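A closer look at the structure
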Amino acid sequence: MALLAILQYPDPRLYKVAAAVTAVNDDIRRLIKDMSDTMYAAPGVGLAATQVDDHRRVIVIDISDTHDKLQVFINPEIIESSGVATCEEGCLSVPGIFDKVERAEQVKVRALNEKGERFELTASGLLAVCIQHEMDHLRGKVFVEYLSPLKQGRIKTKLVKAQKTER
């Protein structure tokens, strides 16, 4: 079990756009295992490779209460979306900060699983929110960017101050 360091906002590496995975191999499966161990230990319900400074298009999500329903999305793409939902979100890269974000209520995503098999999944509720949130990370976007510039500034100041205190 390898726990990976989670980048903290406003680390500039969080803004790097992830590259497509060209082959689902043992290296990618090791990344998935390390990411899932890191996500469960944090604890969180989703993690994008970008958050652990690996800039490949890989996401892990587990919204179950029992932490035994891991879902893996490699090279995910949203092919359909509908509706609008506003949910309170948090992020392992933005610790202690929660705010409301507007997203699609339902999404249909196409991706590869950990075996390299293509699949499609229609998601709503928390799973739809998580997929969109984690896919934002792959595009170099953090959820606080949906908030007002004033809120973004306050969050950045608070977290930078906390990071300096930890050192």
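The following refers to the structure shown.

Cut-off values and rules
Sequence positions are assigned chain by chain, starting from 1 and proceeding in written order. Where local features are concerned, this predicted model is filtered to residues with pLDDT of at least 70; where side-chain atom pairs are given and counted, the filter is 80 or more; whole-chain, interface and lining totals use all residues. Side-chain metrics in this entry use all non-hydrogen atoms of the structure; hydrogen atoms and water are not considered. Counting from the N terminus, the helices are DSSP H or I runs at least four residues long and the strands are E runs at least two residues long. Summary of the burial criterion: residues with accessible area below 20% of their type's maximum are buried, those above 50% are exposed, and those between are partly exposed, where the area comes from a 1.4 Å probe applied to protein chains only. The definition of a polar contact used here is a pair of N or O atoms within 3.5 Å, where within protein one atom must be able to donate a hydrogen and the other to accept one, and adjacent residues in sequence count solely through side-chain atom pairs. Residues are treated as being in contact if the distance between any of their heavy atoms lies within 4.5 Å. Within this scheme, the nonpolar core is defined by two criteria: the residues are buried Ala, Val, Leu, Ile, Met, Phe, Trp, Tyr or Cys, and they are joined through side-chain atoms within 4.5 Å.

What to know about the side chain of R103
Structurally, R103 can be placed in strand 5 (residues 94-103). The class for R103 is buried, based on a relative accessible area of 7%. One polar contact links R103 to E89, side chain to side chain, over a distance of 2.6 Å. At a separation of 3.4 Å, a polar atom in the side chain of R103 contacts the side chain of Y146. Dropping the residues within four chain positions of it, R103 is found in contact with G83, V84, A85, E89, V129, Q132, H133, D136, F143 and Y146.

Some remarks on the nonpolar core
Among the nonpolar cores identified, the biggest contains 17 residues, and I28, I32, M35, L47, V58, V60 and I74 are the most heavily contacted of them. Those elements that place two or more of their residues in this core are helix 1 (26-41), strand 2 (58-61) and strand 3 (71-82). With five residues, helix 1 is the largest single contributor of residues to this core. Beyond its immediate stretch of four places on either side in the chain, L47 contacts I6, M35, T38, M39, V52, V58, I59, V60, L92 and E134. Residues A48, A123, A128 and C130 belong to the second largest nonpolar core, which totals 16 residues.

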